[in-house]
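# Topology and contacts: notes
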Amino acid sequence: MKVLVVGSGGREHAICWKLAQSPKVTELYCAPGNAGIAQTAKCVNVKATDVDGMVKWTKDNAMDFVVVAPDDPLALGMVDALEAAGIPAFGPRANAAIIESSKAFSKELMKKYRIPTAKYETFTELDKALAYIESQGAPIVVKADGLALGKGVVVASTVDEAKTAVTEMMEGKKFGESGSTVVIEECMTGPEVTVLAFADGGHVRPMPASQDHKRAYDGNQGPNTGGMGAVSPPPQYTPEIAQRCMEEIFLPTIRALKEEKRPFHGVIYFGLMLTPDGPRVVEYNARFGDPECQAVLSLLDGDLMDIFLACREGTLDQADIRWKDQAACCLVLASGGYPLDYKKGYPISGLEEAGKSAAVFHAGTAEQDGQIVTSGGRVLGVTALGDTLDGAIANAYAAAEPISFQGMHFRRDIGHAF
Ligand code: AMP
Ligand code: GLY
């Protein structure tokens with residue numbers, strides 16, 4: 001099969017790396033890809049958000065299957081457009097991807113189907129939002145409704161902080177139209193875990209749980225990032241909790257979406273908080289998380305292409321999905337300054353050496369005059385396995401040692417921060 005993967009980050013590199021191992025995949029392409037992905041797939045110069053351009057390229061080049069990995073093209077209806085053109089695609093249609101693109105929608109869905117999540121109210125008028133914050137007190141959480149690159153959430157420890165946040169979102173349009181509707185919710189406590197699950201409209205098959213590290217600096221300090229590292233599986237996610245999540249969250253969510261005539265085909269991301277009252281949903285995403293994907297797919301023993309096909313065909317219950325009885329750690333090496341201002345174009349050394357003992361997934365890299373250079377905030381995801389979680393963590397740090405580029409920064413506490 002000729003397969004195209006849409007996207008350009010560490011997640012897409014991990015997906016390409018795994019698909020390349022499938023005997024079914026004879027030709028692999030990635031749009032737009034990056035310098036690391038180019039070692040496994042042919043990179044195609046079409047932007048991930050260019051729906052018409054992607055459909056055209058896919059038809060012109062007779063692709064058999066397209067994997068749409070990032071949130072923006074899913075929300076824009078790229079899967080719908082590909083299917084309308086007769087091209088099978090992996091990922092939810094826009095009417096199901098809305099669980100990520102509208103927090104107001106997903107909160108309403110959870111309320112209707114009694115799926116455990118934080119208590120909330122939705123507002124489109126500033127004065128009502130301010131009055132609600134006043135009545136609830138702090139701590140309290142303020143969220144912009146739409147996609148805001150993971151930065152539209154403020155966990156406010158005082159009433160004033162919450163009021164400032166909501167005013168900036170609704171009046172200052174800090175997140176553009178994403179902030180014209182806000183969700184204000186109860187502040188939950190407890191460790192956070194991610195569960196990625198394959199879904200085929202009716203069945204759901206969870207992958208091993210994982211844990212992201214969203215803050216930029218050690219000890220969970222500093223600004224939020226796209227994710228500075230991930231481990232899988234985290235010890236807090238016990239088999240008992242997994243069972244509860246399946247019964248109270250995963251199955252009810254897939255059934256709810258089917259009931260609403262928005263069947264979910266693809267990877268659904270459950271952002272969970274293990275609160276003293278049980279597991280609750282913090283957020284849904286409509287795709288693999290990044291960097292979680294890099295750690296979790298490293299543990300997959302089966303054929304990813306077969307699983308993707310089963311997700312489309314509704315045969316996921318019969319799919320052969322096996323996981324290594326090991327642990328994984330993905331350590332993100334980022335540009336100095338990320339997630340704020342950072343410079344690009346610095347040469348990266350030590351990649352070959354590191355690649356001998358770990359999978360080095362590229363997130364923000366480019367090729368310049370035959371040299372691989374930095375081209376994004378998150379640059380690389382060094383992903384290693386181990387027989388124990390501590391072993392995997394040690395292996396990832398050891399593998400990353402030879403890698404360097406100007407300004408490189410990374411967290412030293414991945415896997416030990418919670
Ligand atoms: P979200 O974009 O909804 O995942 O929120 C980003 C981060 O904000 C989450 O990973 C949590 O750490 C935090 N957060 C979101 N909602 C809540 C909540 N209701 N209570 C406590 N923390 C939250
Ligand atoms: N790692 C969080 C996300 O992909 O949204």
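Structure first, text after, so check above.
These lines cover the structure that appears in this document, whether it is placed above or below. On a predicted model such as this, the values are computed, not experimentally measured, just so you know.

The next subject is the overall build of the protein. Looking only at helices and strands, one finds 13 helices and 22 strands in the protein. Its C-alpha radius of gyration of 21 Å places the protein within 12% of the 22 Å reference for a compact globule of 418 residues. Summarising its shape, the C-alpha atoms of the protein cover approximately 60 × 45 × 40 Å along the three principal directions. Out of the 418 residues belonging to the protein, those deemed buried represent 55%. When the accessible surface of the protein is totalled, it reaches about 17100 Å², and 49% of it is carbon and sulfur. In the protein, the 40 positive side-chain charges and the 53 negative ones have mean positions that sit 3 Å from each other.

Taken together, 15 residues lie around ligand 1, and E185, E186, M188, E192 and E283 are the ones closest in. Within the backbone of M188, an N or O atom sits 2.8 Å from a nitrogen atom of ligand 1. Interatomic distance of 2.4 Å between a side-chain N/O atom of E192 and an oxygen atom of ligand 1. When ligand 1 is considered free in solution it has 470 Å² of accessible area, and contact with the protein chains removes 90% of it.

Quick look at the sheet that holds strand β16 (residues 265-275) now. Neighbouring strands of a sheet are bound in pairs by backbone hydrogen bonds; such pairs are parallel or else antiparallel. Pairing is antiparallel in the open sheet, where four strands are placed in the order β11-β10-β16-β17. Taken across any chain shown, the strands that pair with only one partner, and hence form the sheet edges, are β11 (204-206) and β17 (278-285). The average angle at which neighbouring strand axes cross in this sheet is 35°, direction not considered. Note: strand β10 (residues 192-200) against β11, three bridges, orientation antiparallel. Directly across from A197, in β11, lies its bridge partner P206. In the packing of helix α9 (residues 239-259) onto the sheet, contacts are made with β10, β11, β16 and β17, and the angle to β16 comes to roughly 135°.

With that out of the way, let us pick up the pairing of strand β4 (residues 65-68). The alternating pattern of β4 places F65 and V67 on one face and V66 and V68 on the opposite face, and all of these are buried. Examined bridge by bridge, strand β1 (residues 2-7) and β4 share four bridges and lie parallel to one another. When the sheet's bridge partners are listed, V6 is paired in β4 with V68. Pairing of β4 with strand β5 (residues 89-90) involves two bridges; the strand directions are parallel. By the bridge assignment, V66 is partnered in β5 with A89.

Contacts to ligand 2 come from D212, G226, Y269, N285, R287, G289, D290, P291 and E292. Within the side chain of N285, an N or O atom sits 3.3 Å from an oxygen atom of ligand 2. Computed on the free molecule, ligand 2 has an accessible area of 190 Å², of which 88% lies beneath the protein chains in the complex. Here the shell around ligand 2 is built from residues that sort into two nonpolar, three polar and four charged.

Here the focus is the pattern of salt bridges. Counted under the stated rule, the structure contains 19 salt bridges. In this structure, the salt-bridge partner of E185 is K143, at a minimum N-O distance of 3.1 Å. Linking E185 in strand β9 (residues 182-186) with K143 in strand β7 (residues 140-144), this pair joins segments that are 42 residues apart in sequence. Residue K143 is classed as buried on the basis of its relative accessible area of 4%. Put simply, R280 and D277 hold a salt bridge, and the shortest N to O gap is 3.6 Å. A relative accessible area of 58% places D277 in the exposed class. Among the charged side chains, a salt-bridge network with shared partners connects E83, R93 and R312.

Here we come to the sheet that holds strand β22 (residues 378-386). Reading across the sheet, the five strands line up as β12-β15-β18-β22-β19 and stay open at both edges, with antiparallel pairing between neighbours. Looking along the sheet, the strands with just one partner apiece sit at the ends: β12 (211-212) and β19 (359-362). Of the pairings in the sheet, the one linking β12 to strand β15 (residues 229-232) comprises two bridges and is antiparallel in character. By the bridge assignment, Q211 is partnered in β15 with V231.

Burial analysis of β9 places four of its five residues in the buried class, which makes it a mostly covered element. Sheet topology note: the strand β6 (residues 120-123)/β9 ladder contains four bridges and is antiparallel. In the strand pairing of β9, E121 is matched with I184. Here five bridges tie β7 to β9, and the two strands are oriented antiparallel to one another.

How each quantity is defined
Residues numbered from 1 in each chain as written. Chains lettered and ligands numbered in written order. Predicted model: local features only at pLDDT ≥ 70, side-chain atom pairs only at ≥ 80, totals over all residues. Heavy atoms only, no water. Helix = DSSP H or I, 4+ residues; strand = E, 2+ residues; numbered from the N terminus. Rg over C-alpha atoms; globule rule 2.2 N^0.38 Å. Buried < 20%, exposed > 50% of the residue type's maximum accessible area, 1.4 Å probe, protein only. Areas by Shrake-Rupley, 256 points an atom, 1.4 Å probe, with all protein chains shown as cover. Lys, Arg positive; Asp, Glu negative; His and termini not counted. Charge placed at Lys NZ, Arg CZ, Asp CG, Glu CD. Near = heavy atom within 4 Å. Polar contact = N/O pair within 3.5 Å; in protein donor to acceptor, adjacent residues only side chain to side chain. Pairing = 2+ DSSP bridges. Axes fitted to C-alpha atoms, helices over the stretch in contact; angles between N-to-C directions. Contact = heavy atoms within 4.5 Å. Nonpolar A, V, L, I, M, F, W, Y, C, P; charged D, E, K, R; others polar. Salt bridge = Lys/Arg side-chain N within 4 Å of Asp/Glu carboxyl O.

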